[in-house]
Amino acid sequence: MHKTPASDDLRVFVAVVRKASFAEAAIELGASPAYVSKRIRLLEQDLAVKLLHRTTRRVVVTEEGERVFHWAQRILDDWDQLLQEVAVTRREPRGLLRVSCSFGFGRQIVAPALSRLVERHPGLQVRLEVFDRLVDVAGEGFDLDVRVGDDIAPHLIARRLADNHRVLCAAPAYLARKGTPRTVADLAGHDCLVIKERDHPFGVWRLRSGAVEETVKVRGPLSANNGEMAVQWAADGRGIVLRSLWDVAPELAAGRLVRLLPEWQQEANIWAVYPTRLDRSAKVRVCVEFLEEHFRQGGARPGGALPG
């Protein structure tokens, strides 16, 4: 049974045939004549044929060697082309880029950004998929997960795209009916609109004020796995919501929601999470850098800059 020859051995063989000399081939390859002789011997063993007749004056290619020489040139040309194309894909973004994100952030923020990305880089095809759960980036075949929240597995690589935090808010009508909470503990006695987040336990709100952190278990008559619905319920006066500033800023500005306990918030920064280093894929690197610049220029919420 023949063994598949190594590409380096084919390259040595082609050099010997072209130079008709082991010594000249060694000079071209920057190797020793002994190394060239060894590689030719191993190649002949792998193919189980005699490739060259070597005399004191010259090297003669056998009939089998001629056939191997022509195939070796084709194989090495294809191999070199493959390496060139791989190198190009590390420099130029092209091909399919699979991106995952959560529902609301994906629809409102990431989707418009990716639309502009493919306009700038027509060699890219982007497939955006949104979930109400945490995605196994590598295991599910995604190139990139755009994530809101700081809980990131240590085996993944992440770059912070923008600072963000979640805030407490409710409609004036709700506060007039139920009163305004004065402490974090008061939230347990209010109607809270719980959102099933991808990376947080259901109904548990962890809030921070400076170096102090408090946790409260909340409940209410309405809950959802979609933040947009919860914000709408809050604007309708149904309860208190904990939501990212990028999501509720328009409601706060219009007075439909009022911020509560403003000294308390939940860190929820925006991250790009990916399984391999950026220098290995131009399409991922370009996307991450584009999103980073997009958020820096005010693209982290609809219609304006990310409030801080």
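Residues numbered from 1 in each chain as written. Predicted model: local features only at pLDDT ≥ 70, side-chain atom pairs only at ≥ 80, totals over all residues. Heavy atoms only, no water.

> Before we go on, may I ask you to explain the overall build of the chain in this structure?
When helices and strands are counted, the chain shows nine helices and 15 strands. Taken across its 308 residues, the chain has 44% of its residues classed as buried. Of the roughly 16,100 Å² of accessible surface on the chain, a fraction of 50% belongs to carbon and sulfur atoms. (Helix = DSSP H or I, 4+ residues; strand = E, 2+ residues; numbered from the N terminus. Buried < 20%, exposed > 50% of the residue type's maximum accessible area, 1.4 Å probe, protein only. Areas by Shrake-Rupley, 256 points an atom, 1.4 Å probe, with all protein chains shown as cover.)

> Is there a simple way to think about the sheet that holds strand 4 (residues 124–131) in this case?
Each strand in a sheet pairs with its neighbour through backbone hydrogen bonds, running either in the same direction (parallel) or in the opposite one (antiparallel). Read across the open sheet, the five strands follow the order 4-3-5-15-6; overall the sheet is mixed. The outermost strands of the open sheet, each flanked by one partner alone, are strand 4 and strand 6 (157–162). Going across the sheet, the axis of each strand differs from the next one's by a mean of 25°, ignoring polarity. Pairing of strand 6 with strand 15 (residues 270–274), which is carried by five bridges, proceeds in the antiparallel orientation. Of the residues in strand 15, the one forming a bridge with Arg160 is Trp271. Relative to the sheet, helix 5 (residues 103–120) contacts strand 3 (95–102), strand 4, strand 5 (144–148) and strand 15, its axis offset from that of strand 4 by approximately 180°. (Pairing = 2+ DSSP bridges. Axes fitted to C-alpha atoms, helices over the stretch in contact; angles between N-to-C directions. Contact = heavy atoms within 4.5 Å.)

> Honestly, the packing of aromatic side chains in this entry has me stumped. Any pointers?
In this description, an aromatic ring pair is defined by two values, namely the gap between the centres and the angle between the planes. Throughout the structure, instances matching the rule amount to three aromatic pairs. Plain terms: the ring middles of Phe105 and Trp246 are 4.9 Å apart, the flat faces sit at 65° to each other, and that makes the pair edge-to-face. Linking Phe105 in helix 5 with Trp246 in helix 8 (residues 245–254), this pair joins segments that are 141 residues apart in sequence. The buried category is assigned to Trp246, whose relative accessible area is 2%. Relative to Phe142, the ring of Phe131 lies with its centre 5.8 Å away and its plane at 85°, an arrangement referred to as edge-to-face. Taken together, the positions of Phe131 in strand 4 and Phe142 in the loop between strand 4 and strand 5 put the pair eleven residues apart, joining distant regions of the chain. Feature note: the residues Phe105, Trp246 and Phe295 constitute an aromatic cluster, connected by ring pairs. Note that Arg74 overlies the ring of Trp71, its terminal NZ or CZ placed 4.4 Å from the centroid. (Phe/Tyr/Trp six-rings, centres within 6.5 Å; stacked < 30°, edge-to-face > 60°. Lys NZ or Arg CZ within 6 Å of the ring centre and 35° of its normal.)

> Before we go on, may I ask you to explain the pairing of strand 10 (residues 212–217) in this structure?
As paired strands, strand 9 (residues 204–209) and strand 10 are joined by six bridges and run antiparallel to one another. Among the inter-strand pairings, Arg208 is bridged to a residue of strand 10, identified as Glu213.

> What am I meant to see in helix 1 (residues 7–19) here?
Residues spaced three or four apart along an α-helix face the same direction, because each turn holds 3.6 residues. Taking 1.5 Å as the rise per residue, helix 1 with 13 residues should run 18 Å; its terminal C-alpha atoms sit 18 Å apart, in good agreement. For helix 1, every residue scored as buried is listed here: Asp9, Leu10, Val12, Phe13, Val14, Ala15, Val16 and Val17. Residue Ala20 follows helix 1 closely and has a positive phi angle near 55°. (Expected span 1.5 Å × (residues − 1).)

> Which parts of the structure should I look at to understand the side chain of Glu44?
Position of Glu44 among the secondary structure elements: in helix 3 (residues 33–47). Buried within the structure, Glu44 lacks any salt-bridge partner; its nearest side chain of opposite charge belongs to Lys50, at an N-O separation of 4.2 Å. A polar contact is formed between the side chain of Glu44 and the backbone nitrogen of Leu51, at a distance of 2.9 Å. Aside from chain neighbours lying at most four places away, what touches Glu44 is Val49, Lys50, Leu51 and Leu52. (Lys, Arg positive; Asp, Glu negative; His and termini not counted. Salt bridge = Lys/Arg side-chain N within 4 Å of Asp/Glu carboxyl O. Polar contact = N/O pair within 3.5 Å; in protein donor to acceptor, adjacent residues only side chain to side chain.)

> How should I be thinking about the nonpolar core in this particular structure?
Note on soluble globular proteins: their nonpolar side chains tend to be buried together. Formed by 28 residues in total, the largest nonpolar core has its most connected members in Phe105, Leu144, Val146, Leu161, Ile270 and Val288. For this core, the secondary structure elements donating two or more residues are strand 3, helix 5, strand 5, strand 6, strand 15 and helix 9 (282–296). Of the residues forming this core, the biggest block, seven residues, is contributed by helix 9. Look past the residues within four positions of Leu161 in its chain and what remains in contact with it is Val146, Ile270, Trp271, Ala272, Val288, Leu291, Glu292 and Phe295. (Core = buried A, V, L, I, M, F, W, Y, C linked by side-chain atoms within 4.5 Å.)

> Mind showing me how you'd approach the pattern of salt bridges here?
Two side chains carrying opposite charge are able to pair once their charged atoms lie near each other. The full count for this structure, using the stated rule, is 15 salt bridges. One salt bridge connects Glu140 with Arg133, and the closest N-O pair in it is separated by 2.9 Å. Of the charged contacts in the structure, one is a salt bridge between Arg296 and Glu293, with a shortest N-O distance of 2.4 Å. Placement of both Arg296 and Glu293 in helix 9 is noted, with a separation of three residues, approximately one turn of the helix. On the basis of relative accessible area, Glu293 is assigned to the partly exposed category, the value being 30%.

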